[in-house]
Every structure is written in structure tokens, then in C-alpha cells.
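Fold and contact review
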Number of protein chains: 2
Amino acid sequence: MTVNIHRSRLAALRVLMEKRRIDALIVPSSDPHLGEYVPDHWRVIRWLTGFTGSAANVVITKSFAGLWTDSRYFIQAEDQLQGSGFTLVRLRVPHTPEFIGWLGEKITKGGRVAVDGRLLSAVQMRMLLAAVAPHHAKVSLTTDLISSLWSDRPPLPDSPAYDLPVEFCGESRSEKIRRVREGMTANRADYQLLTAADDVMWLLNIRGNDIRFRPLLLSFALVSTKQVLLFADEGKVPGPLRSALDKDGVVLLPYDTITSVLSHLDDGESVMLSPSTTSAALFRAMPRKVRIVEDLTIATRLKAVKNSTELTNIRQVMVRDGVALTRFFHWLEESVGRIRVTELSASAMIGSLRREQDGCMGPSFSTIAAYNAHAALPHYVPDDETDAVLASSGIFLLDSGGQYFGGTTDITRTVALGRPGENIRRDFTLALKGTISLAMARFPYGTRGFQLDVLARKALWENGMNYSHGTGHGVGCFLNVHEGPQTIGTSASGDLRTVLEPGMVVSDEPAFYRQGEYGFRTENLLVCAEDRETEYGSFLKFETVTLCYIDNTLTEVSLLDEGELKWLNEYHENVYRSLATFLEPGIRDWLRKKTAPLSR
Amino acid sequence: MTVNIHRSRLAALRVLMEKRRIDALIVPSSDPHLGEYVPDHWRVIRWLTGFTGSAANVVITKSFAGLWTDSRYFIQAEDQLQGSGFTLVRLRVPHTPEFIGWLGEKITKGGRVAVDGRLLSAVQMRMLLAAVAPHHAKVSLTTDLISSLWSDRPPLPDSPAYDLPVEFCGESRSEKIRRVREGMTANRADYQLLTAADDVMWLLNIRGNDIRFRPLLLSFALVSTKQVLLFADEGKVPGPLRSALDKDGVVLLPYDTITSVLSHLDDGESVMLSPSTTSAALFRAMPRKVRIVEDLTIATRLKAVKNSTELTNIRQVMVRDGVALTRFFHWLEESVGRIRVTELSASAMIGSLRREQDGCMGPSFSTIAAYNAHAALPHYVPDDETDAVLASSGIFLLDSGGQYFGGTTDITRTVALGRPGENIRRDFTLALKGTISLAMARFPYGTRGFQLDVLARKALWENGMNYSHGTGHGVGCFLNVHEGPQTIGTSASGDLRTVLEPGMVVSDEPAFYRQGEYGFRTENLLVCAEDRETEYGSFLKFETVTLCYIDNTLTEVSLLDEGELKWLNEYHENVYRSLATFLEPGIRDWLRKKTAPLSR
């Protein structure tokens, strides 16, 4: 029997735990910025357990080692954890720290729980303290057992940051800083702490390349009424950029000094921060008499509302993205059945077609290229083992996006390879009705995303159908493809306060999945815009900015009502007009047919 | 100049405040059960200020005396407070304790705030303590200055309680007590404290007559694992009922001993309670080491789901209510233009027609009988000064309900007197589409009321229209006409957790108001019911149980889609079939015409 490497790492960790009298060790999958993706340096769980999924929490005790993750990773985790000594614990509700509840039940009286406080949010820290309090257990938030064991640990990323010109940002950094300070004054706060890297990028009009799919420089910022402290390694900020920042009162400090700076705040000073993106370590670093104002950061709120320059750029980016997509689907139709096309080769093709476009820096997330039954898995990403060959019949779903200097895209289309049957067309159209219905929504100012969600699900619900994920998420502008605070969903766990504001970008992605058979999703990005003023309020509407045809062979016209059919035909006309001049004649004619109006 | 009686009462109160060194005195409009209506004994604000509205808070300092109330009472309060020494403070958000925020700004350093802690909820107490803490102000929760000044104060109500037979309740009190104890076990609670009188009524299958519009005995209950303590004045519980209660382990204790009993709980014992209906006085009475489990009460949750006996009774009550309403609208049509009909006389007529019905105990709330511009005020109740004479043209809105042994009704209909114009029909129909659309909703188990709200508003929103109140509220079964926890609304302040469950009753009352002109509301009660099981979940639907025709002369058929028109015609057929046999021939024929199917 060969010894599993992960099993020996677990054993080594347990030896250290015993030495330090730790009864339970928590290992989160996050980094100190608590975002969605982390650099390899912080992929501790992959090193420790072999599990490669993006979100998990590990808890190790003397007798148990568990890995908590959500349903999209159940099969993968079962497989990867084989022989590692770690047991998969299935999350009942995704993105919740159920391991804390488990610890609350299992921890022994007076036991010691340890975690690297840089990797746990202040919110989770409180939940943890509350859960173990009845057992009089102690919690150490300064335990890093990993660094001493992980000898070949990848270093922190060292790619340089760069200035993003104002023609892309639409607003100077000094103006943004002024607006954040305005918000600080309104909240009587002396400081605004920014821990999410995309907040920092937005505020300072800079970008970096520290993380896959996201143009981020891993950094913190502390905005005071006089200056802005930027915490990032000096070597990553080139001289000219440093001078430019300096001119706007932005002072560069070494990345690691954030903790020390926070610990030297004066009693009675007040700091605004978001407790869900601020680590327990930073939270605890501040003196007790510092007044904390907990809220979404001002940067998060301001960043969500795109300015007119950003919106203009996004519309231009959508044309380029649409050209790449049109070429892709044309290639797909020409190729399937003639040459060997697989999910992975299709994935590579859309990637390279996008990169041909002006200003494209690469994909904005892992491409979901899914054939038939794979399309029924909302988070499926093909790999060498699952890669399927596309045949001349069936369903192909592509959910992909690009990072462009002018904006971030995210689009899903499902196309039929061959002639789809009646059931398939019915299922597709009932989900499509949701995409259209949300796009057509008109609503008063003050409406929050969860109030509109039913529009996306109504047709499915009426037929006993549903999809188990949210309907829409905010999207950054050459930043994170998932950007808060606005969402469109049932709000079981989402944001309940954020109202939709003109300038916000949100995805519109109702779907339907038949397990083991096929799945459909039609996803567009919407820009929230002003509609009209009446004596009953200011009314808003959405502008659909994504430009790519929707496969009419999948649409069952009889299921669309008049308004929906009109929307679809007008959308197709707009797609054709917007893209035609950028397409080679053969593909242009092909798109003309794809966007021909439907009638009853 | 004559001295205003309220001004002298205010002066007397200020003398007492000075004596006791109170800088700010809070006077709420509630009673110790913190419900919607209170007996005359607790109408302190009416006695003190002259304001007769149902919801307000008064705060008195040396230099200011303010009365906080919501928009439905602005005009009335301005009028009634003339010369009283009290100033109207307009609530920005209804039903919120904005006076606490005001106090938080105005209280002097180290000042003393006083309130009768029996009349403030534990939730409000906490808000108050937090608001004044930065000023190091002290809060006294045991101050009753009113009793010594109010010499002719009405006594507490003394009407007797009675047993509500199980043929109305559908479940014995011992079974209900067992189910509450089951919930206590699940929450590891030794006690369930019930402070809302309707919770007590439901649990013990009793009713009383202490409050207008509601069959309540003002009482508290404390459920332990062994017995149930019922706190109510002995004289109000007749001997036979007391024996019956005794047999089921229910021990009667004097009303006022609740505080003392709570103060004698043992350290380490745990009590479930709802902090929004538990007074600060009761909350503070418990020893500090008692563990409090804060949540909606188990009784509130169980009571919201009606059993099959209750549902059967409700359907029968709806027939009787529908007969009374049909006779009323027939009378109205026959009378207006011939005899003098006013809002008040119409109000009296529907009241007496209801009382003729078997088992009707009276109205379930103040009847809203509103002609033309009055109909644009959602909470308008006619009085001698506003009473309008109905003419042969215009709009008449009636929002009324009855308390029957078998159930509580709440229905709104708007009818045209004469021939309505095109604009009026359009406005009416756009709101009616909301009533129908919500009634037709089909949705998965787990859906909460705020998710469905947009269905009721969509047609209005698309036309730049809206209404500023909620869409639906829960309704009790021969109990409170407003009963939690479920609601249908935008959830700016409402419940966000309660899912709709089969057996819940909820109102469906979209509306539209043109200020100064007219208003429309079509309100039905819906019963949530099982629809079907699919692989995507258990799906639910609504059954519309209210039975009264909707004025077809107001309906613009071209604005209804096929499904809505079908619903309306089927509803009308059902109204006719359900009521016809109980109506005298002339009215029956009239109803046949009123319910004739519409077509395009």
C-alpha cells in the first residue's frame, strides 16, 4: 500500500496540533481578501487534501478530518478525497459556514479551537465564538500551522500593477476618493477600510494580475480624511504609477503593515468596514475603543453604479464580444459532424476568438462548455476526463465571458445541434420566457432584486419546473464578473437591502435542467436605466446590452406571448444591426438567418 | 380664551415629571399585549392629547410635546391636536419608532427618560437603551404617571370568556398544547410565554369580548412542560369553563401575577418568547440567568396554518358573507339616486346585513365606505364630518369584514355608480389584473410572500402606476383580521422568513388611487393549498375563498389576457353557483347578470 501524500500531511498537522494543544483546527479556502478566487499561495486546502474546488472549509480534530463543500463539488470531492484521510461533509445550504455549527456540537468542554484569523471573516469569527461559548472553549485566531509544513509553497504573486486610464474609468481617482470621503462624513467615520481587492482597484483606477480571471492587485486600502494608504508590495507598483498615486495623496505602504497600522488607530476614532470581507485578524488588530461602523463599503456601493463612460465602453465591448461569439457559433455549426469538436476544443476556440478582439485580456471565469447531460450541471467545467465529443444532435450550452479594458462580459447561450424535439423546445422556451420577462421589467425606484425574481421563474413554476440557483448577479467593469451588492434572486441568503439603481449591471440568467439529459440557460447582461417619472414615482427599466443571437430553432413560438415575441424579434434585429458590419460576408449572411424574425 | 383640557393635562403631567426629575416621558398607544387595538382603559393618548387614531407615540420634555403618527392620520391629528400643546410629528416610515431616534438626538447628557414598561416592547426597549446610551441617559421602565392624573379612567374590560367548541377549532386544546410543547422541546425551552391575546385564544380554544372587532380575552399564558398558566381575572372566566380548562391542565391565575411568576423562574431555565409582543416590563421581570429564546411564538406559527375543519368553516362563512354583500350591493344599486344614501348609512347597512347571517358577531374592523375622492385614501373611515352622499355617478369602495364563529372575513369591492369612463375602467382593470395574477400564482414550497408581490404590481408598474401599501396580510380564524406571520409585500419592513404553507389564509388586495379623484381595490382572501409534486419540488397554489361579484362595468376586457379573463369568468360562475340558492329570486336574477361571462 502506497502512502497517500495528503494522509501524511494530515498526520503531520495532527502532531503539530497535539504539541500546541489544539483540539480543533479550521482551515478555510480563502485568502486575506476573502474574495472568490485566491492565488496558488493560498490554495492550502488543495495542498492539504487534494481537493481542487474553489470553495471549502476543513476542520481537523483528533478523531475526524472533514471537508465542507457545496453540491457542485460533491462528486469531485468524493473522488479527490479518496484515501486522503479527509471525509466529505455535504453542505445543506451553499456558501454557509455549517462547519461552525458542527464545531458547536463537537467541541469538548474547555477545548481549544484554532484558525488563521487572516482567512476567516469577522462575521464568521463572531459565529464561531458564539457557537463554542456554551462549551467554554477557547478560540485562537493567530494560528498558522501550515507555513511550517508546506515547504514548496508557491510565493505570493508578484505581477506589477498598472494605471487604468480615465477613458476607461470615466472618473478620476481624486474624484472617487472625494466621493468616498463624502460617504465617510455622512457616516461620521474617520476611516474607510477596503479589504476587497476590487474595491481598491476601483477607487485608485489601477489594475493588476495577481489572480486568474480577475485584473486584481492583491492589496488593502485605508482611506482617511487626509490621505489614502495603499498596502501592497513595493515591487509590484512601478515608479511612474507610484508617482501618479502620490500626486493624488495615495501613500504606498508594505502589504503586511496593514495590521500594524490598524493597531495604532487612536481610541475614539471610527472606522467603516464590511465585516464579511474584513478578516478576523484585521478586525481584532484594532484597539477596542475604536468605533466600528459596519456596512457595505462606500466603494462597493459606488462601484456598482457604472458611470456613462463605463456604460459606453461596456456597450462597445459587447459588440466585440458578440462578434467573437457569432464567429464561434458559426464555426460550431460548420464543424460539428465534420471535424472532431469536444467541449474542451470548443472552450479553447471561444477563448482564442475572444482574444482576437481589441482589448481582450482573457476569460472572466472558467468557461462552461457543456454537451447534453453535462449542460444539466449548472457549474460544469470540462476537463480531460469528462470532455465529451459533440455530435450532430443534442444540446450544447456555452457560459463564458471575457475581460476587456472596457468591461467584463458574461453570457450564456444554448444551441441545438440538429433538430430539437418538441419537449426540448418547450423546456427551452419556458426558461427563455424568464430571461425575456425580466429584461422587460419596469419598476419603481426603490425596488430590490429579490422583488423581481419571480418574473424570471413564473413560466417555469406554472409548469412545475424551477432552477435551483439565483437569477442574476452584479457584474464589474473590467473587474470581478461576480460583483455585489445587487443580486436578483429569492434572497434566501442574498442581499435584502440594495435597491436597483440606474447604471447598475446585472445578469439575467433563468435556466432549466433535466438531470442526466440536458440543460438550458439564456444569459444576458442588463443595465438598469431610467424609464420615466410619474406621480407614483420614478420608474426604471433594463437595457439588454449582451449581443448574441438566441437559437430560434429551440424557441417554441406558441409559448411566447405577444410582448415576448416582439421583444425577441426586436432583440434579434438589434443584434444583427450592431454586429453585421464587423463580420465577414459569409458569417454576416448566416447571422441574418439566425436573427430572422419569428411569427406565429 | 377657554383653556384646552389637553393643555391642562399636559401641564399637570409636566409638574409630575419635574417632581420626579424626568426629562423625557414616553407615552405609547399600546396596551400590555402590544396588539393592534386596545380597550378604552389604555387609550391614554386619546385622554392626554385628544388624538383618536389607533397608533401613535407621545414624547414629552420640558420644552416640547410631540405626537408621532403615520400618514393615514396626518390631517386628523393636525385637527385634533389644535390647542392641545402637542405637536404632530409625521412618521417617515409607518409603524417605526422614530420617536426613539428623536430622543437619541435631543436627550440631555445624563438625562432621565421614563416610560411605562408594560406598554413598550422588548425590541423597542433595546432600541431606546441604545439610542440614549451615548448620552449616558438613564431609562426608567416603571413609570406610570397617568393613573394618578386620570380620575375618570375607564376600568379594564370585564366581559366573560367562553369556550369555542371543537367543531369550530378543529383541534382540541390538549392537542394544541401538546404541539406547542413539541416545539418547546425542539427549541430546548422550558417555557413558552404567550403575550399576544390571540395566541392565547387559539391555544386554549376560548374567546372573549374585551376589544372592539376582536373576540379576545385580554390574557397572558405561560406554557410549561407540565401545565399551562392562564393569567386572566377570575371573574372573567365562568365556572364551567374554568373546570374544563382545569381538566386540560390549564391553571387560572390573576391577570397581574404574570410579572411575579416570571420573576420567580429559576436560573438556567429557558423561556421562548417573541420580543416584539413581549413588553419591556415582562422581559425585565425575568431573572438575568433565565435563558431567553427569541422567536415568533410557536402558537403564532401553528395558528397561521388553518386545519381542515377551520378551512371548511371559512368556506361556509364566505357563503354567508357573500350573501350579505350581494344583498348590500343590490340594495345600493336600487337605492342610490332614489333615497339618500351616504357613506355612513351604507356602512350601517352592510353591518346589519352581516349581522343577519348565522354566527356573525359583528364587524372585524372599521368599515371603509368611501365615495370618489375618499376612495383614494386607503384607510379612510367616514365620520359625521366627512360623510358623503352617494350620487348616481362616481365610484364607491367598500372594505369591510365580519367576525363569525367559523371565521373572519375581509373583502373590498369597488363599484361604479352610473357609467364609468374609459380612464376609470383602465385604472380599475390594471389593479384588478394584480388581484387575479396573484390569485393564479403557482409556486414551489419554500416561497415567501415578498417573492410573489410583483405579480400583483406588474401591470401597474408597466404603466407607471403603483400603490403604497402592502399587497396581503394573514387573516385569523374568528380572531384578528390582521394575523401574522405571513404577508405579501415588498418587505421593506415585513417578515422575510416565513414561507407560505398550505392552510395559510392571506389577503390579495392590489389597488390604485388617484389622489383627489377616486380609488380602486379588489380584495379577496386566498387559502394556500397544495398543487402538485414534481421532481423540481412541491408546488403550491391559491384558492380564492371570498365570494362576491366584481363589477364588470369597471372591467376593460381588452386589458385582460386570456388566462385572466378565464379566471374572472370562472370566478363569477363560482360566485353565482355558491350564493344563488341563498338569495331571494329578484336578487338572484340580478346576481346572474352581474356574474355573466365577459368576452372580447
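Residues numbered from 1 in each chain as written. Chains lettered and ligands numbered in written order. Predicted model: local features only at pLDDT ≥ 70, side-chain atom pairs only at ≥ 80, totals over all residues. Heavy atoms only, no water.

A few points about the pairing of strand S4 (residues 87–90) of chain A
Residues and elements named next belong to chain A. Here four bridges tie strand S3 (residues 65–69) to S4, and the two strands are oriented parallel to one another. Residue Thr69 lies in a different strand from S4, and its bridge partner there is Arg90. Following the chain from S3 across helix H3 (residues 74–80) to the adjacent parallel S4, one finds a crossover that is right-handed. (Pairing = 2+ DSSP bridges. Helix = DSSP H or I, 4+ residues; strand = E, 2+ residues; numbered from the N terminus. Right-handed = clockwise from strand over helix to strand, strands pointing away.)

As for the pairing of strand S12 (residues 250–253) of chain B
Residue and element names in this part refer to chain B. Here S12 shows a buried face lined by Val250 and Leu252 and an unburied face lined by Val251 and Leu253. Pairing geometry for strand S11 (residues 228–231) and S12, over four bridges, is parallel. Bridging from a neighbouring strand, Val228 pairs with Val250 of S12. For the crossover from S11 across helix H10 (residues 239–247) to S12, the handedness is right-handed. (Buried < 20%, exposed > 50% of the residue type's maximum accessible area, 1.4 Å probe, protein only.)

Topic: the state of the cysteines
Applying the stated criterion across every chain yields a total of zero disulfides over all chains. Considering cysteine sulfurs only, Cys477 of chain B is the nearest to Cys169 of chain B, which forms no disulfide, with 8.1 Å between them. (Disulfide = S-S within 2.5 Å.)

Observations regarding the sheet that holds strand S15 (residues 360–363) of chain A
Residue and element names in this part refer to chain A. The strand order across the open sheet formed by three strands is S15-S18-S19, and the pairing between neighbours is antiparallel. Only two strands of the sheet have a single partner each, and these edge strands are S15 and strand S19 (407–408). Pairing analysis gives two bridges linking strand S18 (residues 402–404) to S19, with the strands arranged antiparallel. Residue pairing for S19: Gln403 is matched across the bridge by Thr408. Along the sheet, helix H15 (residues 343–355) contacts S15 and S18; its crossing angle with S15, the most-contacted strand, is approximately 165°. (Contact = heavy atoms within 4.5 Å. Axes fitted to C-alpha atoms, helices over the stretch in contact; angles between N-to-C directions.)

Regarding the relation of the copies chain B and chain A
In screw terms, the move from chain B to chain A is a rotation of 180° and a rise of 0.1 Å along the axis, fitting with an RMSD of 0.1 Å. These values place the two chain copies in the arrangement generated by a two-fold rotation axis. In terms of C-alpha distance to the rotation axis, chain B has Gln451 of chain B as its closest residue, with the C-alpha 2.9 Å off the axis. A shared interface surface links the copies, since 100% of the contact residues of chain B are contact residues in chain A too. (Least-squares fit on C-alpha atoms with pLDDT ≥ 70 in both.)

Here's the deal with unusual backbone geometry
All names here are of chain A. At the junction of Gly484 and Pro485, the peptide bond is cis and its omega measures out at 0° in the coordinates. Mapped onto the elements, Pro485 comes out in the loop between strand S22 (472–473) and strand S23 (487–488). A positive phi is found at His136, a non-glycine position, where the angle reads about 50°. Considering the arrangement of structural elements, one finds His136 in the loop between helix H5 (122–132) and strand S6 (138–140). Take His136: its relative accessible area is 58%, and that puts it in the exposed class.

What to know about H15 of chain A
All names here are of chain A. Given a rise of 1.5 Å per residue, 13 residues ought to cover 18 Å, and the 18 Å separating the end C-alpha atoms of H15 matches this to within 8%. For H15, every residue scored as buried is listed here: Glu343, Ala346, Ser347, Ile350, Leu353 and Arg354. The arc that holds the buried residues of H15, viewed along the axis, is 130°, so those residues lie on one side. In this fold, the buried residues of H15 make contact with helix H14 (308–335), S15, strand S16 (368–371), strand S17 (394–400), S18 and strand S20 (411–417). Regarding H15, its N-cap is Thr342, as a side-chain oxygen of that residue lies 3.3 Å from the backbone nitrogen of Leu344 further along. (Expected span 1.5 Å × (residues − 1). Arc of directions from axis to C-beta. Polar contact = N/O pair within 3.5 Å; in protein donor to acceptor, adjacent residues only side chain to side chain.)

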